[in-house]
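What follows is the residue order along each chain.
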Amino acid sequence: MLNLEQQLVKKLEILLKQTALSITDQQKVQLVKLVLLLHKWNKAYNLTSVRDPMDMLVKHILDSIVVSPYLQGERFIDVGTGPGLPGLPLAIINPNKYFVLLDSLGKRISFIRNALRELGITNVEPILSRVEDYQPEQLFDGVLSRAFASLKDMTDWCQHLPNQQGCFYALKGIYHQQEVLELEAKFTLKQVIKLQVPALVGERHLVIVN
């Protein structure tokens, strides 16, 4: 019998074959260990409503990393990251990119700090702050959010974060054109990408605004 970690690695490999992503064996192990950490901490901290590690693999890990091919640049901030989603999985598979993970809840940042230590991730900086209070020394190529807010709220609250060429990357379920119409005139819809997440029920879209 395979143990849970081995089962998760096997399932991850099957799911990855249905994507265009190529990930090293070490990165696969790190992604699976992240699921196991989430599962362990979830019992005490209630970090996610997803309870089953196999479901976490699809709804948290795959759902995060499918946006990786569309990220332009080196420096990213994940606002309202929760327990590090999509920032931690993206950091694992993009060791050459740098991610700031921002959340206003201490227990989530504690979880992220612990995950960084346990998984040996060195390209992530966790920040405990409200997004409107955070003033970075260096601006970002991309501002990421997953299930964080409407596009209007995201661009309003985070407009001090991207650099001149920087973009907003909003990970959404169903794409609502109405959200784009509500944006301020200075923001432009760059692209809407329909994402394919293996084994996930429901629509997923990446909305890129600059």
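Residues numbered from 1 in each chain as written. Predicted model: local features only at pLDDT ≥ 70, side-chain atom pairs only at ≥ 80, totals over all residues. Heavy atoms only, no water.

Draft legend 1. Spatial organisation of the side chain of Ser68. Residue placement: Ser68 occurs in the loop between helix 3 (53-65) and strand 1 (75-79). Among all residues touching Ser68, those that are not within four sequence positions of it are Leu21, Leu90, Ile93 and Asn94. (Helix = DSSP H or I, 4+ residues; strand = E, 2+ residues; numbered from the N terminus. Contact = heavy atoms within 4.5 Å.)

Draft legend 2. Structural detail: the environment of Val35. Relative to the helices and strands, Val35 resides in helix 2 (residues 25-45). Between the C-alpha atom of Val35 and that of Met54, which follows or precedes it by 19 residues, the distance is 8.6 Å. Setting aside anything within four residues of it in sequence, one finds Val35 in contact with Leu8, Pro53, Met56, Leu57 and Ile61.

Draft legend 3. Representation of the packing of helix 1 (residues 4-16) against helix 2. Between helix 1 and helix 2, the shortest axis-to-axis distance is 9 Å and the interhelical angle comes to 120°. The angle between the axes of helix 1 and helix 2 places the two elements in the oblique class. You can see that helix 1 and helix 2 cross each other, and the crossing is right-handed. When helix 1 is examined against helix 2, the residues Leu4, Glu5, Leu8, Val9, Leu12, Glu13 and Leu16 are found in contact with a partner set consisting of Asp25, Lys28, Val29, Leu31, Val32, Lys33, Val35 and Leu36. Partitioned by chemical class, the residues of the contact of helix 1 with helix 2 number 10 nonpolar, no polar and five charged. (Axes fitted to C-alpha atoms, helices over the stretch in contact; angles between N-to-C directions. Parallel < 35°, antiparallel > 145°, perpendicular 65-115°, else oblique. Left-handed = near helix turned anticlockwise from the far one by under 90°. Nonpolar A, V, L, I, M, F, W, Y, C, P; charged D, E, K, R; others polar.)

Draft legend 4. Spatial organisation of the sheet that holds strand 7 (residues 205-209). In space, the seven strands of this open sheet follow the order 3-2-1-4-5-7-6, with mixed pairing throughout. Where the open sheet ends on each side, the last strands, each with one partner, are strand 3 (124-128) and strand 6 (189-194). Pairs of neighbouring strands in the sheet enclose a mean axial angle of 20°, with direction left out of account. Of the strand pairs in this sheet, strand 5 (residues 162-172) and strand 7 are connected by five bridges, and their pairing is antiparallel. Bridge pairing in strand 7 links Tyr169 to Ile208. Taken strand by strand, helix 6 (residues 151-158) contacts strand 1, strand 4 (140-146), strand 5 and strand 7, and its axis lies near 150° from that of strand 5. (Pairing = 2+ DSSP bridges.)

Draft legend 5. Quick peek at the UniProt feature "binding site: S-adenosyl-L-methionine" (unreviewed entry) in the protein chain. Within this structure's numbering, the places UniProt gives as "binding site: S-adenosyl-L-methionine" (unreviewed entry) are Gly80, Leu85, Val131, Glu132 and Arg146. None of the other annotated residues line the largest pocket; only Gly80, Leu85, Val131, Glu132 and Arg146 do. Along the chain, the position of Gly80 falls in the loop between strand 1 and helix 4 (87-93). Contacts of Gly80, omitting those with residues within four sequence positions, involve Leu102, Asp103 and Phe148. By the secondary structure assignment, Leu85 is in the loop between strand 1 and helix 4. Relative accessible area serves as the criterion here: at 5%, Leu85 is assigned to the buried category. Ignoring sequence-local partners within four residues, the contact set of Leu85 consists of His60, Ser64, Asp78 and Arg146. (UniProt positions renumbered as here; feature names shortened; annotations may be inferred. 1 Å grid on protein atoms, 1.4 Å probe; cavity = no way out; pocket = protein on both sides within 12 Å on 5 of 7 lines; lining within 4 Å. Buried < 20%, exposed > 50% of the residue type's maximum accessible area, 1.4 Å probe, protein only.)

Draft legend 6. Looking closely at the pattern of salt bridges. What the rule picks out here adds up to 10 salt bridges. Taking the shortest distance from any N to any O, the salt bridge between Glu5 and Lys33 comes out at 3.5 Å. In this pair, Glu5 sits in helix 1 while Lys33 sits in helix 2, placing the two residues 28 residues apart along the sequence. By relative accessible area, which is 36% here, Lys33 ends up partly exposed. With its nearest N and O atoms 3.1 Å apart, the salt bridge here joins Lys172 to Glu179. (Salt bridge = Lys/Arg side-chain N within 4 Å of Asp/Glu carboxyl O.)

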